[in-house]
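Each chain is listed here by its residues.
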Amino acid sequence: MAPPASVHRIELPRLISVGEGALRDLVAALRIANVGKGDRVVVVTGPHVWARFGDRLREALGDSVELVTVTVTDSSIDTAERVASLVSEGRVAAVIGFGGGKSIDVGKYAAFKNSVPFISTPTSPSHDGITSPFTSLKGVGRPYSVKTRTPIAVIADIDVISSAPIRLIRAGAGDLVAKLTAVRDWRLAHRLKGEYYGEYAAKLALLSAKHVIEYAGSIGRGSKEAIRVLVEGLISSGVAMCIAGSTRPASGSEHLFSHALDILAPGRALHGEQVALGTIMMMYLHGGNWRKVKTTLKKLGLPTRARDLGIPEETVIEALTVMHRIRPERYTIVGESGLTREAAERLAKITGVIE
């Protein structure tokens with residue numbers, strides 16, 4: 001039964017474990033999920049992640065459950081439905097997402113479709129979906145977000161995560177910097193469209209961005225201590241989405257720009273790299289300190305020019321002119337009519353994203 005319209009329900013993880021050797025808390029997470037000894041648990045993972053860290057996960061679980069491994073290489077709706085069917089047929093008690101964004105998104109979706117608990121176990125800090133109730137899938141010609149369920153537990157082992165490629169670490173930081181404009185867009189939609197706005201969720205998301213700015217140099221170098229700060233920021237951003245009941249605190253016009261690039265130039269860059277580039281330009285439109293954003297990205301080691309990501313300048317301009325169509329129900333600084341080609345080109349050139 002749905003709650004009354006005046007009730008705002010918040011679903012949060014029941015266990016969050018962050019630190020060196022945190023994988024050992026997987027057994028505690030399974031207990032919270034009411035998984036008994038010998039129950040079947042599906043691990044959704046990537047082939048490279050499993051080859052490198054699969055033994056650690058098996059050792060952490062011991063003989064507590066029957067483990068079934070499913071490897072995925074993309075996060076398409078077709079793959080997510082295939083894994084959901086495997087979970088349905090296997091009498092599975094819980095699903096563990098063990099890997100990067102693809103594994104966690106597919107695992108979260110499969111668990112949701114089968115009404116079984118999901119445990120998020122990231123191996124890289126590349127995005128903030130590790131805690132949120134939202135799943136990013138690709139299909140029907142465009143990327144889109146599906147509301148699923150909040151993970152019952154998040155197990156973030158810093159020993160594992162700190163060994164992720166530095167590019168993924170930097171991309172995760174870029175995803176957090178994006179909250180600077182996402183919150184501005186959310187506030188704007190509240191003022192102009194009467195959309196619900198949650199001050200606490202907004203401030204929590206902004207706190208994650210501010211921590212990244214403070215530790216930018218250390219994160220860019222891959223410092224283990226700074227990576228823990230990054231992971232905690234990504235978790236906090238996910239919690240902000242749980243509190244808000246939407247992706248609003250974490251995703252605004254900069255994400256629409258990234259989604260447009262996913263359509264126009266798929267596979268050229270990582271999600272966090274693209275939203276970081278978008279944040280520079282959207283901060284300019286908001287009248288904020290876009291130069292400080294650019295300086296932070298440089299400290300992180302993130303590209304601030306499209307050409308450094310292999311994205312043609314013309315593609316950037318086109319993305320800026322079509323991004324408002326990606327999610328027309330989501331009001332942002334680019335408005336309902338979007339940017340003209342002339343305005344888009346001027347914006348990209350002024351901020352140095354193109355030359």
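Residue positions are given per chain, counting from 1 as you read along its sequence in written order. Only residues with pLDDT of 70 or above have their local features reported here, since the model is predicted, and side-chain atom pairs are shown and tallied only from 80 upward, although totals for entire chains, interfaces and linings are computed over all residues. Hydrogens and water are ignored here; the side-chain numbers use all heavy atoms of the structure.

Colleague: I'd like to hear about the overall build of the protein chain, residue by residue, with values.
Modeller: The secondary structure content of the protein chain amounts to 15 helices and eight strands. Note that the radius of gyration is over C-alpha atoms, with the globule rule given as 2.2 Å times the number of residues to the power 0.38. A compact globule built from 355 residues would reach a C-alpha radius of gyration of about 20 Å, and the protein chain, at 20 Å, matches this within 12%. Judged by the C-alpha coordinates and their principal axes, the protein chain covers about 60 × 50 × 35 Å. Note on classification: 1.4 Å probe, protein chains only; a residue is buried when its accessible area is under 20% of the maximum for its type, exposed when over 50%, partly exposed between these limits. Counting over 355 residues, the protein chain shows a buried share of 57%. Pairs at least 24 residues apart make up 77% of the contacts formed inside the protein chain by residues separated by at least 6 positions. Areas reported here follow the Shrake-Rupley algorithm with a probe of radius 1.4 Å; residue values treat only the protein chains shown as occluding. Accessible surface, the protein chain as shown: approximately 15,000 Å² in total, 49% of it carbon and sulfur. Taking the 45 positively charged and 35 negatively charged side chains of the protein chain as two groups, their mean positions are separated by 4 Å. Elements are defined by DSSP. Helices are runs of H or I of four residues or more, strands are runs of E of two residues or more, and each kind is numbered from the N terminus. Note on definitions: a residue-residue contact is assigned when non-hydrogen atoms from the two residues lie within 4.5 Å. Charged residues are defined narrowly, with Lys and Arg counted positive, Asp and Glu counted negative, and His plus the chain ends left uncounted. Taken as the charge location is NZ of Lys, CZ of Arg, CG of Asp or CD of Glu.

Colleague: Give a detailed account of the packing of helix α8 (residues 199-214) against helix α10 (residues 224-244), specifying residues and quantitative values.
Modeller: The N-to-C vectors of α8 and α10 enclose an angle of 165°; their axes lie 8 Å apart at closest approach. Taken together, the axes of α8 and α10 are roughly antiparallel relative to one another. When the axes of α8 and α10 are compared, the crossing they make is left-handed. Counted together, Tyr200, Ala201, Leu204, Ala205, Ser208, His211 and Val212 of α8 and Val229, Leu230, Gly233, Ser236, Ser237, Val239, Ala240, Ile243 and Ala244 of α10 form the full contact between these two elements. For the contact of α8 with α10, the residue count by class is 11 nonpolar, five polar and no charged. The angle between two axes is taken between their N-to-C directions and runs from 0 to 180 degrees, where each axis is a line fitted to C-alpha atoms and a helix contributes only its stretch in contact. With respect to orientation, any angle under 35 degrees is reported as roughly parallel, any angle over 145 as roughly antiparallel, any angle of 65 to 115 as roughly perpendicular, and every other angle as oblique. Note: crossing handedness is left-handed where the near helix turns anticlockwise from the far helix by less than a right angle, and right-handed where it turns clockwise. Following the grouping adopted for this structure description, the nonpolar residues are Ala, Val, Leu, Ile, Met, Phe, Trp, Tyr, Cys and Pro, the charged ones are Asp, Glu, Lys and Arg, and the polar ones are all others, Gly among them.

Colleague: Can you lay out the pattern of salt bridges for me, pointing to particular residues and giving the numbers?
Modeller: We define a salt bridge as a contact between a side-chain nitrogen of Lys or Arg and a carboxyl oxygen of Asp or Glu at a distance within 4 Å. As enumerated under the stated definition, the model contains 20 salt bridges in all. A salt bridge links Lys193 to Glu336; its shortest N-O distance comes to 2.6 Å. Highlighted residues: Lys193 in helix α7 (residues 179-193) and Glu336 in the loop between α14 (313-322) and α15 (341-350), separated in sequence by 143 residues. Taking relative accessible area as the criterion, Glu336 reaches 55% and is therefore assigned exposed. Ionic pairing is found between Arg307 and Glu355, a salt bridge with its closest N-O pair at 3.2 Å. Of this pair, Arg307 sits in the loop between α13 (290-300) and α14 while Glu355 sits in the segment after α15, and the two are 48 residues apart along the sequence. Residue Glu355 is classed as exposed on the basis of its relative accessible area of 51%. Linked by salt bridges that have partners in common, Arg305, Arg307, Asp308 and Glu355 make up one network.

Colleague: Tell me about the nonpolar core, and please be specific about residues and values.
Modeller: Take the buried residues of types Ala, Val, Leu, Ile, Met, Phe, Trp, Tyr and Cys, join any two whose side-chain atoms come within 4.5 Å, and each joined set is a nonpolar core. Ranked by internal contacts, the top residues of the largest apolar core, which has 81 residues, are Phe257, Met281, Leu300, Val316 and Leu320. No other element matches the 10 residues that α10 contributes to this core. Setting aside chain neighbours within four positions, we find Val316 in contact with Phe257, Met281, Ala306, Ile311, Ala348, Val353 and Ile354. Ala33, Trp50, Phe53 and Phe98 belong to the second-largest nonpolar core, a separate cluster that totals 26 residues.

Colleague: Now, about the environment of Thr321: what can you tell me, with residues and values included?
Modeller: Counting through the fold element by element, Thr321 comes out in helix α14. The sequence separation of Thr321 and Ala343 amounts to 22 residues, and the corresponding C-alpha distance is 8.7 Å. Contacts of Thr321, omitting those with residues within four sequence positions, involve Leu339, Thr340, Arg341 and Ala344.

Colleague: So, the sheet that holds strand β4 (residues 94-99): which residues are in play, and what are the values?
Modeller: By the convention used here, strands pair only if DSSP detects at least 2 bridges between them. The strand order across the open sheet built from six strands is β1-β8-β5-β4-β2-β3, with neighbouring strands paired in parallel fashion. At either end of the open sheet lies a strand with only one pairing partner, and these are β1 (15-19) and β3 (66-71). Each neighbouring strand pair of the sheet contributes to a mean axis angle of 15°, computed without reference to strand direction. One ladder, built from five bridges, connects β1 with strand β8 (residues 153-157); its direction is parallel. Bridge assignment links Val18 to a residue of β8, and that residue is Ala156. Contacting β1 and β8, α10 runs over the sheet at an angle of about 165° to β1.

Colleague: Can you explain helix α3 (residues 77-89)? Please cite residues and give values.
Modeller: Residue count minus one, scaled by 1.5 Å, sets the expected span of a helix. Over its 13 residues, α3 extends 18 Å from the first C-alpha to the last, a length consistent with the 18 Å expected when each residue adds 1.5 Å. Looking at α3, one finds that the buried residues are Ile77, Thr79, Ala80, Val83, Ala84 and Val87. Along the long axis of α3, the arc covered by the buried residues comes to 160°, so they all point the same way. The exposed residues of α3 that point more than 90 degrees off its buried face are Asp78 and Glu89. A positive phi of about 50° marks Arg91, the residue just after α3. Arc definition: directions from the helix axis to the C-beta atoms.

Colleague: Could you give me a rundown of the packing of α7 against α8, with the residues and numbers involved?
Modeller: At a minimum axis distance of 9 Å, the contact between α7 and α8 shows a crossing angle of 160°. In this view, α7 runs roughly antiparallel relative to α8, as classed from their interaxial angle. Relative to α8, the crossing made by α7 is left-handed. Mapping the contact onto sequence places Lys179, Leu180, Val183, Trp186 and Arg187 in α7 and Ala201, Ala202, Ala205, Leu206, Ala209 and Ile213 in α8. Class assignment of the residues belonging to the contact of α7 with α8 gives a composition of nine nonpolar, no polar and two charged.

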